[in-house]
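For reference, the chains in residue letters:
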Amino acid sequence: MKTNWHQSVIYHIYPRSFKDSNKDGIGDLNGIIQKLDYVVELGADTIWISPTYPSPMRDFGYDISDFCNVDPLFGTLEDFDNLIQEAHNRNIKVIIDYIPGHTAWEHPWFVASASSRINPKRDWYIWRDPKPDGSVPNNWLSVFGGSRWEYDARTGQYYMHSFLKEMPDLNWRNPEVVDAMLEVLRFWLKRGIDGIRIDSFNVIYKHMDYLDEPLNPAYIHGENDPFREHDHIYTLSQPELLPLLKTFRKVLSEFGDKFMVTESYVEMPQLLKLYRAGDSLHAPFNFNIFKLPWNLNEYKSFIDVFDKEVGHEYIPTYVLGNHDNHRIATKIGSNQARIAAMLQLTLRGMPTVYYGEEIGMIDGEISLDEMQDPWAKNVGDVRLGRDPQRTPMQWNTEKYAGFSTKKPWLPIGKQYMYSNVEIQQSDTQSMLNLYKTILHFRKQSPALLYGTYESLKIKNKNVYAYMRTYKTEKLLILLNFSEEEQKISLNIPTSQVICNSYLTKEKGSLMDLKNSTLAPFEGYILQLSQ
Ligand code: GLC
């Protein structure tokens, strides 16, 4: 069966932490190549690789000093080409991170821009005069803490940085910047990438009046991330972003059916705007699910509306975790994570699996002196640290979990003796086998690939029940969100088990839906008789 973007499953690889092939304790491109067969076995068909560009690595590759090369830590351009080739040989599509909003200090564009007020690249970044008393141009905050402005004594102006001060923002209102960044896109498209994940899409444009942002009344000092102190009406979700999607699409279309996914931490209304401003080969990442409390009603009401509003033209996306957020199994618990996986992989649209989710990896424990993440260091708040979710992939029970033979850049998660690929491959009830079972079933199930989604109103309020239907194939998914056994009695004919979330039930066994019990946090995929 032919799959296209609407049916794809993305596997997200954080390259520093996936597989180290050259024994330096940091993952690399050749390491990813070594593990492509694993991605195929898992049942994903697309990989998204976080950045591998040359970088001073203050933000681990999201701070770029050359957009058209590979950092020696990760390999070479030749390794990159080889990765594309090897992935394509296995029918795996490759999405790379495209970071339009900022560069590293060291990027030659910024070096030129900062060299003098009359340098032709001055306006490639966002420079503003100090206020008469010498202070910052306005109260805008950096996502990573402190002011968004940094003073440059040499030229007597402030430049803007949405993240670290060493990551100055590019000025997307300058057409030369737009052209240069679109050329960067073409550079990678020519090398054969299949799509891009657009980093920090929501932050690219800022309002041109540079007015102070109002305070956020919901902000709780000492409890919330300091960035939340303001209501970001001038620095996030600006209207110019919507037409920008078309600009990117034009370039992508020069190379065929390329996909783009935008990183946007936004709620439903803005999410839907982003969908509608783009086309069917664009989707914003939907992060709403993993932000919800573990509560059936919250999940169900979000999904019911989202599924309907996105419709069949666009691709609904569901993300449970990534390199910026704590791992789902840590947030909600291991059994709940099985339910969340069953939900994510059986909903309409495109799931993204963050490396390690499929073996139930939890956040690693990072001591203060092991802390690497610049955000946490900058704000001085360990809770904001992103290291725990970036610990190395756990492949086996060797000293460094088969990730490397040298001490890795972040410690190996303490649970690796069980939570690793090798052990879980041979454990028929493991999380890994749950992912494989569902993903492989999904590949040949028209109902999961193309079918409609409809949630059912059932008596038991602890069980989320929905149907996926395509022509004669009818699947019923039942998810017990509670920690207690739940009885269900549905007026539906006997059904056949595809799998349950603990993988304890045999495929094809019958389940009498008129009188059944779901174990605590148990989910089922069931095939209904015609
Ligand atoms: C995105 C990335 C994050 C990075 C930031 C700045 O949010 O996912 O890891 O730190 O952009 O580029």
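Our subject is the structure listed above.
So, how was this worked out
Residues numbered from 1 in each chain as written. Predicted model: local features only at pLDDT ≥ 70, side-chain atom pairs only at ≥ 80, totals over all residues. Heavy atoms only, no water. Near = heavy atom within 4 Å. Polar contact = N/O pair within 3.5 Å; in protein donor to acceptor, adjacent residues only side chain to side chain. Areas by Shrake-Rupley, 256 points an atom, 1.4 Å probe, with all protein chains shown as cover. 1 Å grid on protein atoms, 1.4 Å probe; cavity = no way out; pocket = protein on both sides within 12 Å on 5 of 7 lines; lining within 4 Å. Sits in = over half its atoms within 2 Å of the grid points. Nonpolar A, V, L, I, M, F, W, Y, C, P; charged D, E, K, R; others polar. Pairing = 2+ DSSP bridges. Helix = DSSP H or I, 4+ residues; strand = E, 2+ residues; numbered from the N terminus. Points joined across faces, edges and corners; volume = space filled by probe spheres on them. Salt bridge = Lys/Arg side-chain N within 4 Å of Asp/Glu carboxyl O. Buried < 20%, exposed > 50% of the residue type's maximum accessible area, 1.4 Å probe, protein only.

Examining the site of the ligand
What surrounds the ligand is a group of 14 residues, the closest being Asp59, Asp199, Glu263, His323 and Asp324. A distance of 2.6 Å separates an oxygen atom of the ligand from a polar atom in the side chain of Asp59. Here Ser200 contributes a side-chain N or O atom positioned 3.0 Å from an oxygen atom of the ligand. Starting from 310 Å² of accessible surface for the ligand in isolation, the protein chains cover 96%. The site holding the ligand turns out to be the largest pocket. In terms of residue class, the shell around the ligand is made up of 4 nonpolar, 3 polar and 7 charged.

Structural notes on the sheet that holds strand β5 (residues 149-152)
Judged by pairing direction, the sheet is antiparallel, and its 3 strands sit side by side in the order β4-β6-β5 without closing on themselves. Sheet topology places β4 (127-128) and β5 at the edges, where each strand pairs with a single neighbour. Relative to strand β6 (residues 157-160), β5 runs antiparallel, the two sharing 4 bridges. In the strand pairing of β6, Asp152 is matched with Gln157.

With respect to the layout of surface pockets
Computed from the structure, the largest pocket encloses a volume of approximately 1,700 Å³. Along the walls of the largest pocket sit 47 residues, with Asp225, Phe227, Arg228, Tyr265 and Lys291 positioned nearest its centre. Of all elements in the fold, only α7 (268-277) and α8 (288-291) reach the threshold of two or more residues within the lining of the largest pocket. Per-element tally for the lining of the largest pocket: the top contributor is α8, with 3 residues.

Quick look at the pattern of salt bridges
According to the stated counting rule, one finds 25 salt bridges in the structure shown. Close ionic contact of Asp59 with Arg386 constitutes a salt bridge, the shortest N to O distance being 3.0 Å. A residue pair is termed long-range when its members are at least 10 positions apart, and Asp59 in the loop between β2 (46-49) and α3 (77-89) and Arg386 in the loop between α12 (374-379) and α13 (421-426) qualify at 327 residues. Like Asp59, the residue Arg386 is buried in the burial classification.

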